[in-house]
Each structure stands twice: as structure tokens, then as C-alpha cells.
Amino acid sequence: MANMSLKKVAMPEQDPNVRNKNFEEVALGYTKEMAMEEAARCLNCKNKPCVGGCPVNVPIPAFIEKVAAGDFEGAYEVITTENALPAICGRVCPQENQCEGKCVRGIKGEPVGIGRMERFVADWHMANAKETEVNIEKNGMKVAVVGCGPAGITCAGELIKKGYDVTVFEALHKPGGVLSYGIPEFRLPKDLVAKEIESVQKLGVDIETNVIVGRSITIDELMEDGYKAVFVGSGAGLPRFLNIPGENHLGVYSANEFLTRVNLMKGYKFPECPTPVKVGKKVAVVGAGNVAMDAARTAKRLGAEEVYIVYRRSEEEAPARLEELHHAKEEGIIFKFLNNPAAIKADENGWVSSMEVIKQELGEPDASGRRSPQPIEGSNYDLDVDTVIIAIGQSPNPLIRHTTPGLDTQKWGGIIVNEETMETSKDGVYAGGDTVTGAATVILAMGAGKKAAAAIDQKLQGK
Amino acid sequence: MQIPCIIKRRYFKKEVYVVYKIVKKQTLNQAVELMEIHAPYVARKCEPGQFIIIRVDEDGERVPLTIADYDREKETVTIIYQVVGYTTELLSKKAEGDYVQDFVGPLGQPAPLHKCDRVIGVAGGVGAAPLYPQLRKLAKMGVPVDVIIGGKSAEFVILKELFEEFCDNVYIATDDGSLGTKGFVTTVLEDQIKAGVKYDEVIAIGPLIMMKNVVKITKEYDIPTMVSLNPIMIDGTGMCGGCRVNIGGETKFACVDGPDFDGFKVNFDECMQRQGMFREEEHECRIGRGM
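Residues numbered from 1 in each chain as written. Chains lettered and ligands numbered in written order. Predicted model: local features only at pLDDT ≥ 70, side-chain atom pairs only at ≥ 80, totals over all residues. Heavy atoms only, no water.

- If you check an unreviewed UniProt entry, chain B appears there as Sulfide/dihydroorotate dehydrogenase-like FAD/NAD-binding protein from Anaerostipes hadrus.

- The name an unreviewed UniProt entry assigns to chain A is Dihydropyrimidine dehydrogenase, from the organism Anaerostipes hadrus.

Here it is, written out as C-alpha cells:
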């Protein structure tokens, strides 16, 4: 008998006023009982709209059925037929726009908590599963993967299972890409990222850190070295700035710099870890995507008294996941919607002293389909802040396109691919993830990595 | 939690694990040391002007250092560093035969060196290190080169003998007059120009204030001048944007657009201000970790 409750089984969370002072995970995860109770809300409907909403097509009702029956390892096996990183996706996917957004139960009441169950199943597996030997028959061909983020890891994981020798080249000293340097510990614990990466390494994937493709070695050199195909999943690492006066003042960070200092370099443990991060008393984060929420909530945890989100559109247009917006509000982040920064002002020593902001009103929809903000003349005011974090997006790093002849790219830098196969204009070179789409989501990047792996296999096997 | 270090580092074309071994260590003076480190990926491709990022130990800072020399055969890269802060002190504790955690590069653009009639290099302190491969390459290209090396006192003048191998003239300036001219490198430079020596280009590498003062003079005589900037950065690949510098009113990232820039266009005052962003923390880190 289905559980007909209109609401999801509530997710236990740390109290907002406790958690906004620590870096422990915010959402604590379901218990066995909660997961089984939530699983009973799934109607196992015929046309499974949720599966179509998932970029990697996880057989959602099939795994939920196993959860409902208490067969959590079985559920894990079902998920991992399609998704190599369930513990991560269960935490960071924008489910409301994907699987859960399509759920029939969402028409009246809340959709089934698919993300929460996915997370539970992955965590249960990590805590309880026994190691299993995997025997993969090697086919003697080697493939290179550029970038050890979600797209690269997924592509590597798929290819190794098909018998290829796979080497992933990572520019930083630690694998994981945005999962390591970008998303904070309280949203995605780093030991969990490590375990997911380790599971791919156990299948035989080699990860070479400290290799910057485009500098340490080029794609052409990889091909000469005998790699039959190269997958580029180098992400969107180049931070955008506002191009307003004062952006080089002391106390202005890109979100990338701020989050990298805290996450990758463990700035929150300074001086035990020697990379410092300076957070003032009053912080303005510009932008309202997931990265902006991460930066704001991190600043709060590092001791900032007032943290503002300054966004030129309204809440409706904010690109962050609903849960992130909700968590940020609970934690005391102050939202300044319809406010656009005009200039950053500094004191006599060059440190940020305030940010000049112009209030906005919404006009006609723009190219993105969102109503475009228009400045309200004469509404300028100074927001009293001493730190500004710019979180208005990233573009692909130009290193690879500058050093790879024959690789066609968009004007804004994205690599152009055939969307069916992820093939680029250069023979044997595939690409996917943020380097193709511009900053998007972990799961979309994983979907692209998977698609490319299938296409690479087809090409190399002459299918 | 740490991501475990079971990461393979297998070098291009060879089944050799890359570990960054210190194959040579040398003390140049009481504050400056030289290390030659086995780093095949960097040694194979690097060019004068480029830099590397080093991390001494797990959890360590990422510190950019300009490449002082390289040996493609031995697959080693030489760095010369001043022991000034927490991380360089930690590095200084390492001995020959030890390893560093991470060593990545080459980063940045190679220096834009081109053929001309005469170039003079101006080095302040440890700036002589990155200047050395640039002038040597110019000399190999057949360009006559001179150099001015500056330091607090005789002891702080480094690489003099190495420059003498290919420079027509090696001038020295020390603050206390213990070697060469008593005074600044800028004084020596201006004397040469006034004496009628024709330079097509000046390459100045050293403290920001020195480079700023060199540019003040070369602007006056209209001699194109390249400077090398070394701002605070984390990744060195264009990701953090911490190294942004103002070049002719435009924001550039020193890590990907530089580190060498047209000295006439650099906003040195802003560079100096940004350099000090974490000064208090540098201090606190040393106290916090008992150094």
C-alpha cells in the first residue's frame, strides 16, 4: 500500500544556528526506516517520467522498489548501472528541475524524495558493502581523459569497464575538480568525494595529478604517445568579473578564489593549514547561483557577521537549487534581490569599504527567457561591506583551445561538439561538461562523460 | 578529511613514477637557496620566463616560483628562492635526496624574446634567478647582453659568475658599496644610458619598487622595458583570479597572460597594494605554527 502523504519524509538537518558556525554536513541523511517510508510514496507508475528527467537515465522506480523492500545493496546496483557517483548526485543534483520535477506525486503535494533516497542508498553501500573483485578483460587500447572532475571521472569509469587503459590528467594536486575545490564540505563532505574517486581508481583508472594539459603536455602529444582517443572535461574554471570600478581592491575575491582557499587549501583550518583566507565582518556575495550560496554560507561559517547575496534579478530568477536558497535563508544570509553593483569603494589603504548598488526593476524577458533587470535611476546607495565575493559565473579555461590546433570553439570559449557523440572538430578528441556547456551541473557533466565514453568505444571498436 | 595520496604519477612515455626529488641543494647566501628538482613534465617543455607552483608538504600552500634553469636531459628544473615566509622556511628544511609534495608547470607565457642590437637586464636580489635564463637565451640568439645585478651587500649579489659567461658587461650595485657601485641598480642603468650606450630593450626583474623605478627611467629615455610580476595566486592556471593585475587600464591574470608584461603599462602601485593582502596572516601563520 503506497504511502499517500503529501509531504516527503522530512530530512534531519543540523539546526541552522548551530550549523552556520561549523563545516559539518547540513543535511544528515535518512535512516533505514525513513528511506523505506519515503520509498513507499513512489507509485511505480507506468511511464516513469522521472527517468526521462534524469540526465543519466537512472532507473529510478526500480531502485526505489528495492529500497521499499529493504534491499539497499540491490538498490545500489540498480543506480550504479547508470550513475557512478550516487553519493555525490544525491547531494548536489538540482532534483527539482530533473527527476523530482517530473514526478507524478508532485502534481498534488511534494514529489517523491528521489535525491534523498539516492543519497541514503549510496551512503548505506559505503558503510556496509563488502569489497568485490572486478575482473575486466583488457582490450589493449589506451584513452586519455583531461580533467578529473565529474565529466572526466565518469568517462574514465565507463571506459575502464569496457576494457580500456585509462589515464586521467589533473592540473591541480588533488583529483575531483569542482567537487574538491568548489563545493564546500558542509554540502559535500570531501571524504565522500575521495571514496567515490577511489572506487574508480580501484577499477584501474590511473590519475596523474599536477599535469596541465596545454602546458605540461598537449593533446597532440598525447595522441602521439599512443592514446587512441582523448576526452576533454576541463570544466569552466575561468572566473568572470563584473568589470565595474574597484574590482581589484583588497578584499575582493572571485568565488573561485574564495572557495578554493577554503575547500581545496583548507583555509578554514588556518593557521594549522598555511593558506589564509580573510573574511571581513560584512560580506557581499554578488550572484544567486549555487556557487554564490556556497560562498555566502562559507563566509558566514568563517565568522562574518552579516552576509548579503546581491542579485540583479528577483528571487524567481535565482539559478540556485531551491534547497540551497532555503538553507542560506535559514542560516541568516540576507538577500538583496533586484540590486546591481555599480562600483566597489575602498579606504585609504586600498581595502574595500563599501559597494555602491543600484536598485533594479524587471523589464521584458531577455535572450535567456528571464525578465531582464533595468536600473531605477537615482536609486543608488552604498552597502556597508568590507569583503566582496564575485560569483557571477565562470567560462572555460582558454589553455586547451589555445594549444590544440583544429579544435573548434564558440566565441565565448566553449568547445563545439556533436551533441549525440560529444565528438569535437578534431579527430579522436571528445569533450563534455562545463567546457562545452559553460558552468552547469555535476550531473549534466556526468551525462556528457558517459555519452562520450559510449561514442569512443563505438569508434574504437569500429562498431 | 584527506583525499588519499594513492595517485599515480606516471611520466610521459615511460613507466616511471614521477616524484619530485631534490637532486641538488645549494645555499647561495644567508637568505637565498637553490634547488634542482626532478620534474620531467616541466623540464621537457619549460621556456625562460615561465614559472612553476610548488607545494612542500600535504596541506601546504601553493607557491609560485619563476624557473631559474632547466636541464632537458636530466629532466630537472632549478628554482632559486628567498627564505622569507612560512613555506620557504619549510622548503629550506628539505635536504638533497628529499622530496617535495607537488611541483607543477610550466605555467605562464614564455618571455617574448626577440633579436635586436643590445639588451640590458636589471636584477634586484633574487630576481637575478628568473632573469638568468632569459638573458642566456638572448645571448644564444646572438643578441649582445649586459646585466646589472643589485643586492643589499656583496653577499646578496647572486649568479654573478653565471652571467659573466655570456654577458659583455656585468655591473654590480650594492646598498653598502661592498661590491660594485654603492647605490641602486637604477643609478647604474641611468649612468650607462647617459654615457651613450644604446639599449633596444631592458628586462627588469626584482622587487616591485625596483621595477617601478627602472620603468621611471626607461620611460624617460623611451626604452621598451619588460618586467616580471609575481603576485599572490593559488592555482596558476587562470582559475582563482587572485593574481589580477592592471595593465594599461585592463585587468589581466599574471598566471596566464604573464608573468612578463610591458613595464610602461603596469600599475605598480596597485600591484604593491595587492601584494600585501595577506601580510597579517603570513605573520600569524608563523606564530601559529611555532616558527
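### Comments concerning the overall build of chain A
Inference 1: Within chain A, the secondary structure is distributed over 18 helices and 16 strands.
Inference 2: Relative to its length of 463 residues, chain A is compact, with a C-alpha radius of gyration of 23 Å against a globular reference of 23 Å.
Inference 3: With respect to the principal axes defined by its C-alpha atoms, chain A has extents near 65 × 60 × 50 Å.
Inference 4: For chain A, buried positions account for 60% of its 463 residues.
Inference 5: The long-range share in chain A, meaning contacts at least 24 apart out of those at least 6 apart in sequence, stands at 69%.
Inference 6: In the structure as shown, chain A presents an accessible area of about 18000 Å², 50% of it carried by carbon and sulfur atoms.
Inference 7: Between the centroid of the 53 positive side chains of chain A and the centroid of its 63 negative side chains there is a distance of 2 Å. (Helix = DSSP H or I, 4+ residues; strand = E, 2+ residues; numbered from the N terminus. Rg over C-alpha atoms; globule rule 2.2 N^0.38 Å. Buried < 20%, exposed > 50% of the residue type's maximum accessible area, 1.4 Å probe, protein only. Contact = heavy atoms within 4.5 Å. Areas by Shrake-Rupley, 256 points an atom, 1.4 Å probe, with all protein chains shown as cover. Lys, Arg positive; Asp, Glu negative; His and termini not counted. Charge placed at Lys NZ, Arg CZ, Asp CG, Glu CD.)

### Section: the interface of chain A and chain B
Inference 1: Facing 60 residues of chain A, the contacting portion of chain B comprises 57 residues.
Inference 2: Sorting the residues of chain A by area buried against chain B places R215(A), N248(A) and P274(A) first, and these three jointly supply 14% of that buried surface.
Inference 3: Across the salt bridge formed by D59(B) and K266(A), the nearest N and O atoms sit 2.4 Å from each other.
Inference 4: At the boundary of chain A and chain B, one finds 19 residue pairs in polar contact (both at pLDDT 80 or more).
Inference 5: Among the elements that line the side of chain A that touches chain B, the one with the most residues is helix α11 (residues 190-202) of chain A, at 5 residues. (Buried area = accessible area lost by both parts, 1.4 Å probe. Salt bridge = Lys/Arg side-chain N within 4 Å of Asp/Glu carboxyl O. Polar contact = N/O pair within 3.5 Å; in protein donor to acceptor, adjacent residues only side chain to side chain.)

### A closer look at the sheet that holds strand β6 (residues 252-254) of chain A
Residues and elements named next belong to chain A.
Inference 1: Read across the open sheet, the 5 strands follow the order β6-β14-β7-β8-β9; overall the sheet is parallel. If you trace the sheet from one side to the other, it starts and ends with β6 and β9 (334-336), each paired once. In this sheet, adjacent strand axes meet at a mean angle of 20 degrees when their direction is disregarded.
Inference 2: As paired strands, strand β7 (residues 282-286) and strand β14 (residues 387-390) are joined by 4 bridges and run parallel to one another. Opposite V283, over in β14, you have T387 as the bridge partner. (Pairing = 2+ DSSP bridges. Axes fitted to C-alpha atoms, helices over the stretch in contact; angles between N-to-C directions.)

### Some thoughts on the pairing of strand β2 (residues 165-169) of chain A
Residue and element names in this part refer to chain A.
Inference 1: Of all 5 residues in β2, 4 are buried, a share of seventy percent or more.
Inference 2: As paired strands, strand β1 (residues 142-146) and β2 are joined by 5 bridges and run parallel to one another. When the sheet's bridge partners are listed, V143 is paired in β2 with V166.
Inference 3: Traced from β1 through helix α9 (residues 150-161) to β2, the parallel crossover comes out right-handed.
Inference 4: As defined by bridge partners, β2 adjoins strand β3 (residues 206-208) across 3 bridges and the pair is classed as parallel. Pairing of T167 across the sheet is with D206, part of β3. (Right-handed = clockwise from strand over helix to strand, strands pointing away.)

### A look at the domain arrangement of chain A
Residue and element names in this part refer to chain A.
Inference 1: By domain assignment, chain A separates into domain 1 (14-126), domain 2 (140-235 + 395-459) and domain 3 (237-391).
Inference 2: For domain 1 and domain 2, the distance between their C-alpha centroids amounts to 26 Å.
Inference 3: Tallying the contact residues gives 22 residues for domain 1 and 21 residues for domain 2.
Inference 4: The contact between domain 1 and domain 2 buries some 1900 Å² in all, and 74% of this surface belongs to carbon and sulfur atoms.
Inference 5: Taken together, the links from domain 1 to domain 2 amount to 1 salt bridge.
Inference 6: In this structure, K450 engages E82 in a salt bridge whose closest nitrogen and oxygen atoms are separated by 2.5 Å.
Inference 7: Along the contact surface separating domain 1 from domain 2 lie 5 residue pairs in polar contact (both at pLDDT 80 or more).
Inference 8: For the side of domain 1 that touches domain 2, the secondary structure elements donating two or more residues are α6 (86-92) and α8 (114-128).
Inference 9: Residue composition of the side of domain 1 that touches domain 2, by class: 14 nonpolar, 3 polar and 5 charged. (Domains from an automatic or database assignment. Nonpolar A, V, L, I, M, F, W, Y, C, P; charged D, E, K, R; others polar.)

### Observations concerning the UniProt feature "domain: FAD/NAD(P)-binding" (unreviewed entry) in chain A
Inference 1: As recorded in UniProt, the sites labelled "domain: FAD/NAD(P)-binding" (unreviewed entry) are residues 141-449 of chain A.
Inference 2: Between the C-alpha atoms that bound residues 141-449 of chain A the distance is 18 Å, and the span itself is 26% helix and 25% strand. (UniProt positions renumbered as here; feature names shortened; annotations may be inferred.)

### Remarks on a nonpolar patch on the surface
Inference 1: Residues M4(A), L43(A), V104(A) and I107(A) make up a contiguous nonpolar surface patch of roughly 400 Å² in combined accessible area.
Inference 2: With respect to the element layout, V104(A) can be found in the loop between α7 (99-102) and α8. (Patch = residues over 30% accessible without salt bridge, like charges linked within 9 Å, V, L, I, M, F, W, Y side chains within 5 Å.)

### Observations concerning the confidence of the model for chain B
All names here are of chain B.
Inference 1: With 90% of its residues at a pLDDT of 70 or more, chain B shows a mean pLDDT of 88.
Inference 2: Segment residues 1-16: pLDDT under 50, and 59 contacts once partners within four positions in sequence are set aside and those in other chains are kept.
Inference 3: Our summary of model confidence lists the complex with pTM equal to 0.91 and ipTM equal to 0.88. (pLDDT = per-residue confidence, 0-100.)

### Quick notes on the packing of aromatic side chains
Inference 1: Enumeration according to the criterion identifies 13 aromatic pairs over all chains in this entry.
Inference 2: Relative to F186(A), the ring of F23(A) lies with its centre 6.1 Å away and its plane at 50 degrees, an arrangement referred to as tilted. Of the two residues, F23(A) is situated in the loop between α1 (16-19) and α2 (32-39) and F186(A) in the loop between α10 (178-181) and α11; the sequence distance between them amounts to 163 residues. Per residue, the accessibility class of F23(A) equals that of F186(A), and both read buried.
Inference 3: Ring geometry for Y132(B) and F166(B): centres 5.9 Å apart, planes at 40 degrees, overall tilted. With a gap of 34 residues between them, Y132(B) in helix α3 (residues 128-140) and F166(B) in the loop between α4 (160-164) and β11 (169-174) connect regions that are remote in the sequence.
Inference 4: Residue classification places Y132(B) among the buried residues on the basis of a relative accessible area of 7%.
Inference 5: In this structure F166(B) comes out as buried when scored by relative accessible area, which is 17%.
Inference 6: Each member of the aromatic cluster is reached from another via a ring pair, and the members are F23(A), F186(A) and Y268(A). (Phe/Tyr/Trp six-rings, centres within 6.5 Å; stacked < 30°, edge-to-face > 60°.)

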